[in-house]
Amino acid sequence: MNPFFKQVYGIVEQIPYGKVISYGDISKILGRPRGAREVGRAMRYCPEGLPWQRVVMADGSITGGSFADMRRAILEEEGVPFLPDGRVDMSTCRWLG
């Protein structure tokens, strides 16, 4: 497995219930402040059992193509607040590691 991907997954497995983190936040924690796209690439291959739904865009937008609705539903079940425009309210539930 790609060592960077392994580091990404190590962060993802720590995200608390009801919290989210952005791709860019993960890349900053790992010392690669311009590596958000690489984090996104790692998340495409996220191992089963990790809370993949808790990784969102910096502005709170939910990505995931056909999985976006599922991701939103899971986050809502966890009590993650959303703004009226459908984005996660990052100001209240962002986790910074």
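Please refer to the structure higher up on the page.
A brief structural summary. Note that this is a predicted model, so its numbers are computed, not measured.

How each quantity is defined
Residues numbered from 1 in each chain as written. Predicted model: local features only at pLDDT ≥ 70, side-chain atom pairs only at ≥ 80, totals over all residues. Heavy atoms only, no water. Salt bridge = Lys/Arg side-chain N within 4 Å of Asp/Glu carboxyl O. Helix = DSSP H or I, 4+ residues; strand = E, 2+ residues; numbered from the N terminus. Buried < 20%, exposed > 50% of the residue type's maximum accessible area, 1.4 Å probe, protein only. 1 Å grid on protein atoms, 1.4 Å probe; cavity = no way out; pocket = protein on both sides within 12 Å on 5 of 7 lines; lining within 4 Å. Points joined across faces, edges and corners; volume = space filled by probe spheres on them. Nonpolar A, V, L, I, M, F, W, Y, C, P; charged D, E, K, R; others polar. Contact = heavy atoms within 4.5 Å. Core = buried A, V, L, I, M, F, W, Y, C linked by side-chain atoms within 4.5 Å. Phe/Tyr/Trp six-rings, centres within 6.5 Å; stacked < 30°, edge-to-face > 60°.

**So, the pattern of salt bridges**
Two side chains carrying opposite charge are able to pair once their charged atoms lie near each other.
Then, in step 1: Overall, the coordinates contain five salt bridges when judged by the stated rule.
Then, in step 2: Between Arg54 and Glu78 there is a salt bridge, with the nearest N and O atoms lying 3.0 Å from each other. Here Glu78 lies in the loop between helix 4 (68–77) and helix 5 (90–93) and Arg54 lies in the loop between helix 3 (36–44) and strand 2 (55–56), a separation of 24 residues in the sequence.
Then, in step 3: Take Arg54: its relative accessible area is 10%, and that puts it in the buried class.
Then, in step 4: Among the salt bridges present, the one from Arg72 reaches Glu76, with a minimum N-O distance of 2.9 Å. Taken as a pair, Arg72 and Glu76 lie in helix 4 at a separation of four residues, close to a single helical turn.

**Re the layout of surface pockets**
Picture a little ball the size of a water molecule; that probe, rolled over the atoms, points out where space is still empty.
Then, in step 1: Looking at the largest pocket, its volume works out to about 310 Å³.
Then, in step 2: Taken together, Tyr23, Gly40, Met43, Arg44, Cys46, Trp52, Met57, Thr63, Gly64, Phe67 and Arg71 make up the lining of the largest pocket.
Then, in step 3: A breakdown of the residues in the lining of the largest pocket according to their chemical character gives six nonpolar, three polar and two charged.

**Considering helix 3**
Then, in step 1: Looking only at helix 3, the buried set comprises Glu38, Val39, Gly40, Ala42 and Met43.
Then, in step 2: Here the buried face of helix 3 lies against helix 1 (3–12), helix 2 (23–29) and strand 2.

**Quick notes on the nonpolar core**
As a rule of thumb, nonpolar side chains are buried together in soluble globular proteins.
Then, in step 1: If you look at the biggest cluster of nonpolar residues, it comprises 17 residues, and the most contacted ones within it are Val8, Val12, Ile26, Met43 and Val55.
Then, in step 2: Of all elements in the fold, only helix 1, helix 2 and helix 3 reach the threshold of two or more residues within this core.
Then, in step 3: The leading source of residues in this core is helix 1, at six residues.
Then, in step 4: Setting aside residues no more than four positions away along its own chain, Val8 makes contact with Ile26, Leu30, Val39, Ala42 and Met43.
Then, in step 5: Judged by nonpolar contacts, the second largest core, of 10 residues, contains Ile62, Leu75, Val80 and Cys93.

**Side note on the packing of aromatic side chains**
Then, in step 1: All chains considered together, the criterion is met by three aromatic pairs.
Then, in step 2: Aromatic pair Trp52 and Phe67: ring centres 6.4 Å apart, planes at 75 degrees, arrangement edge-to-face. Of this pair, Trp52 sits in the loop between helix 3 and strand 2 while Phe67 sits in the loop between strand 2 and helix 4; the two residues are 15 residues apart in sequence, bridging distant segments of the chain.
Then, in step 3: Using a relative accessible area of 24% as the deciding quantity, one classes Trp52 as partly exposed.

None of the figures reported here should be taken as evidence of function without further support.
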